[in-house]
Amino acid sequence: MSRISTGLLAGLMLVLSPIATSAQQPADPAVIAKGEYLARAGDCIACHTAREGKTFAGGLPMKTPFGTLYTSNITPDPQTGIGTWTSDQFYQMMHSGRFPDGGLVYPAMPFASYTKVTREDSDAIYAYLRTVTPVKQLNKPHDLTFPFNNRSLILGWRTLFFREGEFKPDPTKSAEWNRGNYLVEGLGHCGMCHTPINALGGSKQSQAFEGGLIPMQNWYAPSLTSNKETGLGDWTIEEIVDYLRKGVSAKGAVYGPMAEVVYNSLQYLNDDDVRAMAVYLKGLAQGGPPEKASTSLPSAESSLLLSLGKSIYDRDCASCHGATGQGMPPDYPPLAGNQSIQMVSSVNPVRMVLNGGYPPGTSGNPTPHGMPPFAQKLSDDEVAAVVTYIRTAWGNRGEPVSARQANELRAATLN
Amino acid sequence: MAARVLACAPCHGAEGEGTSDAYFPRLAGKPAGYLYNQLIAFRDGRRKYPPMNYLLEFQTDDYLKKIAEYFASLRPAFPPPVPPVDSKEILARGESIVKNGDAQHGIPPCSACHGQTLGGMEPGIPGLLGLRAAYISGQLGGWRYGTRTAFAPDCMQIVAGLLTEDDVKAVAAYLSSRPAPADPSFAPRGSLPMPLECGSEPH
């Protein structure tokens, strides 16, 4: 493992000139192994494998506000996959978001992040993908509404949101920080969820990693910046590493769409790399002050909500999360001081109460404890009350939640 | 394990005994292989019930096997069978399909796979007693409408497809009126004739 990462680091520091390699040249097993590892870091499998489908054969529907995209077959089948692509063409896809014929790729393929990937790493992923079992499966045509079905629209998106360019290490920072920066901003494509998405479907660079509501999924990806109020400022490096690799930590457990990322990608990364990501995340500085809470209920109503909330909490939640919200980490996450439930958006805690959840099963935590769904047991008023309580008790600084907000999330799609 | 699966308790009971909601099945004492197949099917979306599909989405085969073995090992008491509300004719029709099938419509006897005592067969065929009528007809409907599928060849899809609405009602009424055995015993693997091939119960 550590051999791979030093190799990567060396590659990273080199300024590489693109070398055209022939598609047929058999690759070195070490390069293939490195490519497999990097494909994990990029989580290609999560999008390019359908449920119960063949690995990397694509066909997974991706719902967007503009319609449904279907991911492509990236196995080396020559007719229906990418078997005839050269490493140059593959690099062009990763780096510039263009098909071999120059056509524009939809940004649902995270080339806006992958553009940071070095040529050497792109070639390793390419070499690995040539060794996976070829699958004959035609790509499903996308099902997008007018005018989004016209690829020329992507040009406008690119002008606004796409900055092509490989990662450039910052010589004033440590090698570890640079490695973390490369993985988080590049292959990890963490900003795809953790940076607010504007109406055009692009991540707002000016607010990178300040958190955002993921469209269509109704989950909120919290800020990853190091602001004490909303970011990872209070977390130790060890806690961030546990969270990313095991799916549970002393500060909080992984849930919602983040569970997929840990399950398919982060748990496979070596300790050095995850630590580097944690070091980088901790060093991110928040741009402006965090958004001010917008909803506020009249105080008489919120105090009633609070007393109802406390009685529900004591009856239904305290057995796992503790009488004072201290939890029993890592099995049951703490709720006191847990910023993932105090954010301006109350979507996450409301959905946790309605749907329950299990942190992902990982090699570091193979048999996780779970939380039951309360959608049937609690009414909208009761959900609002208990979420208001956990957002404001024990020194938490969240805002109250209304029954209407709770009701709206009952219809959120589960998976 | 009990603490790990508390998330299942509101719907399946703390010991997998089921709850008062007729649609939420008992899990306790069913064959471990059968439960495991169901957990995999929910995780992979082959059997659909969104709240469960969601809970299991990111769990490994190993863990699902442990969960299946845990519920298979429990023996909480069965609730007494509900007194039948249906007519004698309907119950008799149900009993006849279960024990003898319906040769005229090509329906095999349920007991040919689920056992003479309807206790199920190891590793993958569940017993049919101790289930409630609403659940049984719900599952047979699920196979007919494609929201429940088992490993191919999916014999239950064929069987369910041969039943009319009235047959389903009769079978559900009869099965739910029978008392469940206190200690379920499964027929040994391969001991029943099985008129159709089933992917969940490989020979």
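If you're wondering where the values come from, they're calculated on a predicted model, not measured in any experiment.

Calculation notes
Each chain has its residues counted from 1, following the order in which its sequence is written. Both sets of labels track the order of writing: A upward for chains, 1 upward for ligands. Note on the predicted model: pLDDT of at least 70 is required for a residue's local features to be given, and 80 or more for side-chain atom pairs to be given and counted; whole-chain, interface and lining totals, by contrast, use all residues. By convention in this description, side-chain values take in all heavy atoms of the structure and omit both hydrogens and water. For the purposes of this entry, the term helix denotes a DSSP run of H or I that reaches at least four residues, the term strand denotes a run of E that reaches at least two, and both are numbered from the N terminus. Working rule for contacts: check all heavy atoms of both residues, and any pair within 4.5 Å makes them a contact. Surface accessibility in these figures is a Shrake-Rupley result with a 1.4 Å probe; residues are shielded only by whichever protein chains are displayed. Two cysteine sulfurs form a disulfide in these notes if their separation is within 2.5 Å. Only protein chains enter the calculation, and the probe is 1.4 Å; a residue is then buried if its accessible area is under 20% of its type maximum, exposed if over 50%, and partly exposed in between. As used in this record, nonpolar core signifies buried Ala, Val, Leu, Ile, Met, Phe, Trp, Tyr and Cys residues forming a set joined through side-chain atoms within 4.5 Å. Domain limits in this description derive from either an automatic procedure or a database domain assignment. Pairing of aromatic side chains here covers Phe, Tyr and the six-membered ring of Trp, requires ring centres within 6.5 Å, and sorts the geometry by plane angle: under 30 degrees stacked, over 60 edge-to-face, intermediate tilted. Every residue carries a pLDDT, the predictor's confidence in it, which falls somewhere between 0 and 100. Two parts lose some accessible area (1.4 Å probe) when they are put together, and adding that loss for both gives the buried area. A pairing counts as a salt bridge when a side-chain nitrogen of Lys or Arg comes within 4 Å of a carboxyl oxygen of Asp or Glu. In protein, a polar contact requires one atom able to donate a hydrogen and another able to accept it; more generally it is a pair of N or O atoms within 3.5 Å, and residues adjacent in sequence count only if both atoms are side-chain atoms. Think of each axis as a best-fit line through the C-alpha atoms, taken over the contacting stretch in the case of a helix, with angles from 0 to 180 degrees between the N-to-C directions. Oblique is the label for any angle not covered by the other classes, which are roughly parallel (under 35 degrees), roughly antiparallel (over 145) and roughly perpendicular (65 to 115). Handedness of a crossing is defined here by the sense of rotation of the near helix relative to the far one, left-handed for an anticlockwise turn of less than a right angle and right-handed for a clockwise turn.

Trainee: Let's hear about the overall build of chain A: which residues, and what values?
Mentor: For chain A, the helix and strand inventory stands at 17 helices and five strands. Of all intrachain contacts in chain A linking residues separated by at least 6 positions in sequence, the fraction that spans at least 24 positions is 66%. Entry remark: accessible area of chain A is about 18500 Å², with carbon and sulfur atoms responsible for 58%.

Trainee: If you had to explain the state of the cysteines to someone new, which residues and values would you point to?
Mentor: On inspection of all chains with the given rule, the structure shows one disulfide over all chains. The disulfide that involves B:Cys155 links it to B:Cys198, with 2.2 Å between the sulfurs. What sets the handedness of the B:Cys155 and B:Cys198 disulfide is the S-S torsion sign, and at about 105° it is right-handed. Note that B:Cys155 is positioned in helix α8 (residues 155-162) and B:Cys198 in the segment after α9 (165-177), a separation of 43 residues in sequence. Residues B:Cys155 and B:Cys198 agree in their burial class; the two are buried. In this model A:Cys193 remains outside any disulfide bridge; the closest cysteine sulfur is found in A:Cys190, 9.0 Å from its own. A residue is classified by how much of its surface remains accessible, and A:Cys193, at 31% relative accessible area, is partly exposed.

Trainee: Kindly report on the nonpolar core, identifying the contributing residues and their values.
Mentor: The nonpolar side chains of soluble globular proteins are, as a tendency, buried together. All names here are of chain A. The biggest cluster of nonpolar side chains holds 55 residues, and the ones touching the most others in it are Phe56, Ile125, Leu129, Leu187, Leu244 and Leu281. Lining this core are residues from two domains, each supplying at least three of them: domain 1 (22-143 + 152-161) and domain 2 (175-282). When near neighbours in sequence (up to four residues on either side) are disregarded, Leu281 contacts Val184, Leu224, Leu232, Ile240 and Leu244. Leu305, Tyr313, Met371 and Val387 belong to the second-largest nonpolar core, a separate cluster that totals 31 residues.

Trainee: Explain the packing of aromatic side chains to me, using residue names and the numbers behind them.
Mentor: Note on aromatic pairs: each is described by the distance of the centres and the angle between the planes. Residues and elements named next belong to chain A. What the rule picks out here adds up to 16 aromatic pairs over all chains. With a centroid separation of 6.0 Å and an interplanar angle of 70°, the aromatic rings of Phe111 and Trp157 are classed as edge-to-face. Taken together, the residues Phe111 in helix α5 (residues 111-114) and Trp157 in helix α7 (residues 153-161) connect sequence positions 46 residues apart. With relative accessibility at 11%, the residue Trp157 sits in the buried group. When the centroid spacing of 5.1 Å and the interplanar angle of 65° are considered together, the rings of Tyr313 and Trp394 count as edge-to-face. You can see Tyr313 sitting in helix α13 (residues 299-316) and its partner Trp394 sitting in the loop between α16 (380-392) and α17 (403-409), a full 81 residues away along the chain. Its relative accessible area of 26% is what places Trp394 among the partly exposed residues.

Trainee: Before we move on, can you summarise the confidence of the model for chain A with the specific residues and values?
Mentor: All names here are of chain A. Put simply, chain A has an average pLDDT of 85, and 82% of its residues get 70 or more. The low-confidence segment residues 1-23, where pLDDT is below 50, has 36 contacts with residues more than four positions distant or belonging to other chains. Within the model, pLDDT remains below 50 along residues 287-295, and this stretch shows 14 contacts once partners closer than five positions in the same chain are excluded.

Trainee: Hey, could you go over the domain arrangement of chain A for me, with residue numbers and the actual values?
Mentor: Residues and elements named next belong to chain A. Once the domains are mapped, chain A shows domain 1 (22-143 + 152-161), domain 2 (175-282) and domain 3 (299-409). Carbon and sulfur atoms supply 64% of the area buried between domain 1 and domain 2, which totals about 2100 Å² over both sides. Considering only the surface of domain 1 that becomes buried against domain 2, Tyr37, Arg40 and Phe161 emerge as the three largest contributors, covering 30% of it. Counting across the domain 1 and domain 2 interface gives zero salt bridges. Across the contact surface, domain 1 and domain 2 share six residue pairs in polar contact (both at pLDDT 80 or more). Within the residue set of the side of domain 1 that touches domain 2, elements represented by two or more residues are α2 (29-42), α3 (44-48), β1 (61-64), α5, α6 (119-129) and α7.

Trainee: Tell me about the packing of helix α15 (residues 347-355) of chain A against α16(A), residues and numbers included.
Mentor: Residue and element names in this part refer to chain A. It is the contact of α15 with α16, at a shortest axis distance of 10 Å, that shows an interaxial angle of 130°. Of the possible angle classes, the one that applies to α15 and α16 is oblique. Taken as a pair, α15 and α16 cross one another with a handedness that is right-handed. Note on element contacts: α16 touches α15 through Val383, Val386, Val387, Ile390 and Arg391, opposite Pro349, Val350, Val353 and Leu354.

Trainee: Describe the interface of chain A and chain B, with residues and values.
Mentor: Between chain A and chain B, the contact holds 26 residues from the first and 25 residues from the second. Where chain A abuts chain B, roughly 2200 Å² becomes buried across the two surfaces, and 57% of that area is made up of carbon and sulfur atoms. Where chain A meets chain B, there are two salt bridges. Across the pair A:Glu52 and B:Arg46 runs a salt bridge, and its minimum N-O distance is 3.3 Å.

Trainee: How would you sum up the domain arrangement of chain B? Please name residues and give values.
Mentor: Residue and element names in this part refer to chain B. The assigned domain composition of chain B is domain 1 (6-73) and domain 2 (88-177). For domain 1 versus domain 2, the separation of C-alpha centres amounts to 21 Å. Facing 17 residues of domain 1, the contacting portion of domain 2 comprises 15 residues. Of the roughly 1500 Å² buried where domain 1 meets domain 2, counting both sides, 51% is carbon and sulfur surface. Per-residue buried area on domain 1 facing domain 2 is highest for Tyr34, Arg46 and Arg47; these three make up 36% of the total on that side.

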